[in-house]
2 protein chains.
Amino acid sequence: MKNRENIPKATIERLPLYYRCLDKMDTFEDVEVVSSKDLGGKLDIPSTQVRKDLSYYGEFGRRGVGYNVNELKKSVGKILGVDRVWPAILVGAGNLGRALVNYKSFAMMGFEIAHVLDNDLDKIGNVINDREVKSAQDMEKIVKENDIKLGVIAVPSSAAQEVADQMIEAGIKAIWNFAPTRLYVPDEVEVKNEDLAVGIVSLIYHLSWQEEMEAKGE
Amino acid sequence: MKNRENIPKATIERLPLYYRCLDKMDTFEDVEVVSSKDLGGKLDIPSTQVRKDLSYYGEFGRRGVGYNVNELKKSVGKILGVDRVWPAILVGAGNLGRALVNYKSFAMMGFEIAHVLDNDLDKIGNVINDREVKSAQDMEKIVKENDIKLGVIAVPSSAAQEVADQMIEAGIKAIWNFAPTRLYVPDEVEVKNEDLAVGIVSLIYHLSWQEEMEAKGE
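Since the structure is predicted, the reported quantities are computational estimates derived from the model, not experimental observations. (Residues numbered from 1 in each chain as written. Chains lettered and ligands numbered in written order. Predicted model: local features only at pLDDT ≥ 70, side-chain atom pairs only at ≥ 80, totals over all residues. Heavy atoms only, no water.)

**Focus: the relation of the copies chain A and chain B**
Piece 1. It takes a turn of 180° to lay chain A on chain B, together with a shift of 0.0 Å along the axis; the resulting RMSD is 0.0 Å. The two molecules are tied by a two-fold rotation axis, judged by turn and shift. When each C-alpha of chain A is compared by its distance to the rotation axis, Asn95(A) comes out closest, at 2.6 Å.
Piece 2. Here 100% of the interface residues in chain A have copies in chain B that are interface residues too; the copies meet face to matching face. (Least-squares fit on C-alpha atoms with pLDDT ≥ 70 in both. Contact = heavy atoms within 4.5 Å.)

In structure tokens, the structure reads:
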């Protein structure tokens, strides 16, 4: 395997797509062998790119034969780290927090929101998908006792930095941030911003362009 | 302006980041002029990339002086189509749907969930952020009367394709899909999949690698 630091970000971002596709083929479609062309075809990724992406991590499959679906799924899962469960704490038991706790397809990505915290006395004690909402004051205790590395922020922007600071103080190493604001964290802490408003822009850009073309009569 | 079809997808994806950053500088920080270096610096994007991205759309700023923040914000906003409001319908008034209707920072991206629909009789008639949940059977009427082009799917995977078909039948041209499943739509309809489970994987990949390094004593 190459040094992971030298692997393109775009490759890393495609791995979960391969993984999900392989899992579907393996679990629901009983497919045993798949070519890079067929795997790429299902994801709109050229077969040359599929082969190149996988080649960063070793040699998989056989020329002219293809990949064993189950084996490749296991290999990619191991590379991604989704072959085990990573428990997380989530702070913010509002609509978004509840939606995330109830989101069905996290489990196959090795991700589980194990604890839900909030500052709001009206929310503490509520039960969401079998998890009792606990006080944010208990964060350090929960993180340390359960050796949790992952934190999810689902609070309003105004509270996000404070929650991030508290998470890092408690021992969290990676933060998934749903508040539309930039977080300032030490270098060794990884942050993934899930900015929902950015997602819509590509669609608006497309619609806007389409209307422009229609106006021009093209 | 170049033909939009030839502009790299990565450039298009960076435009909303520029826009949000410029808006913040313009609205809250009273910054009048910004260099490509400073703009890039705030976003971890090299200044050469900033200049290249913007150059696809015309000539902005002056060499050695920089960009007028307010003007550039307006130009980028116009390119993105966020200088006007694009009303959308949302189907699925569960936790995720409610979270999206309440999400604060859509407005600045020109996006507004104007109508919320559901099939569930228990949800129809409820009010979410001043919007009454209507029956999904009224979709075509609502879409046509309000000339709506954008649809948001926040229903479970099992119902997503049916909702998409119904949206397209009603006249929707672009779909923002939060159900973790692939939708089959005609070529002229644009789909943006917001697959939340994929977002977590980069963090798990990072943690997994970090643990591997620690185990090796590096």
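**What about the side chain of Arg14(B)?**
All names here are of chain B.
Piece 1. Turning to its location among the elements, Arg14 is positioned in helix 1 (residues 9–27).
Piece 2. Within polar-contact distance, the side chain of Arg14 engages the side chain of Asp53 at 2.6 Å.
Piece 3. In contact with Arg14, not counting residues within four places along its chain, are Ile45, Gln49 and Asp53. (Helix = DSSP H or I, 4+ residues; strand = E, 2+ residues; numbered from the N terminus. Polar contact = N/O pair within 3.5 Å; in protein donor to acceptor, adjacent residues only side chain to side chain.)

**Observations regarding the domain arrangement of chain A**
Piece 1. You can read the domains of chain A as domain 1 (4–79) and domain 2 (86–198).
Piece 2. Here the C-alpha centroids of domain 1 of chain A and domain 2 of chain A sit 31 Å apart. (Domains from an automatic or database assignment.)

**Points about the pattern of salt bridges**
Residues and elements named next belong to chain A.
Piece 1. Counted according to the given criterion, the structure contains 19 salt bridges over all chains.
Piece 2. Asp53 is paired through a salt bridge with Arg14; the nearest N and O atoms lie 2.6 Å apart. Residue Asp53 is found in helix 3 (residues 47–55), and its partner Arg14 is found in helix 1 (residues 9–27); the two are separated by 39 residues along the sequence.
Piece 3. A salt bridge links Lys123 to Asp120, with the nearest nitrogen and oxygen atoms 4.0 Å apart.
Piece 4. Residue Lys123 is classed as partly exposed on the basis of its relative accessible area of 24%.
Piece 5. What emerges from the salt-bridge pattern is a single network uniting Asp23, Asp26 and Lys73. (Salt bridge = Lys/Arg side-chain N within 4 Å of Asp/Glu carboxyl O. Buried < 20%, exposed > 50% of the residue type's maximum accessible area, 1.4 Å probe, protein only.)

**Quick look at the interface of chain A and chain B**
Buried accessible area, meaning the area lost when the parts come together, often serves as the stated size of an interface.
Piece 1. On the chain B side, the residues contacting the 64 residues of chain A number 64 residues.
Piece 2. Buried area between chain A and chain B, both sides added, is near 5,600 Å², and the carbon and sulfur share of it is 66%.
Piece 3. When the area that chain A buries against chain B is broken down by residue, the three leading residues are Arg4(A), Leu196(A) and Tyr205(A), summing to 13%.
Piece 4. The closest approach of N and O atoms between Glu211(A) and Arg84(B), which form a salt bridge, is 3.0 Å.
Piece 5. On inspection of chain A and its partner chain B, the count reaches 18 residue pairs in polar contact (both at pLDDT 80 or more). (Buried area = accessible area lost by both parts, 1.4 Å probe.)

**Quick word on the confidence of the model for chain A**
Piece 1. Averaged over every residue, the pLDDT of chain A is 90; the share at 70 or more is 98%.
Piece 2. Predicted complex metrics record ipTM = 0.81 and pTM = 0.81. (pLDDT = per-residue confidence, 0-100.)

**Details of the side chain of Ser208(B)**
Piece 1. Among the secondary structure elements, Ser208(B) is positioned in helix 8 (residues 196–215).
Piece 2. Overall, Ser208(B) belongs to the buried group, its relative accessible area being 12%.
Piece 3. Those residues in contact with Ser208(B) that lie beyond four places of it in its chain are Lys78(A), Ile79(A), Leu80(A), Gly81(A) and Trp86(A).

**What about the sheet that holds strand 7 (residues 150–153) of chain B?**
Piece 1. Taken together, seven strands build an open sheet; the order of strands is 5-6-4-3-7-8-9 (chain B) and the sheet is mixed. Either end of the sheet is taken by a strand with one partner, and the two such strands are strand 5 (127–128) and strand 9 (190–193) of chain B.
Piece 2. Relative to strand 9 of chain B, strand 8 (residues 174–177) of chain B runs parallel, the two sharing four bridges. Of the residues in strand 9 of chain B, the one forming a bridge with Ala174(B) is Glu190(B).
Piece 3. Lying over the sheet, helix 8 (residues 196–215) of chain A contacts strand 3 (86–91), strand 4 (111–118), strand 7, strand 8 and strand 9 of chain B, oriented at roughly 170° with respect to strand 8 of chain B. (Pairing = 2+ DSSP bridges. Axes fitted to C-alpha atoms, helices over the stretch in contact; angles between N-to-C directions.)

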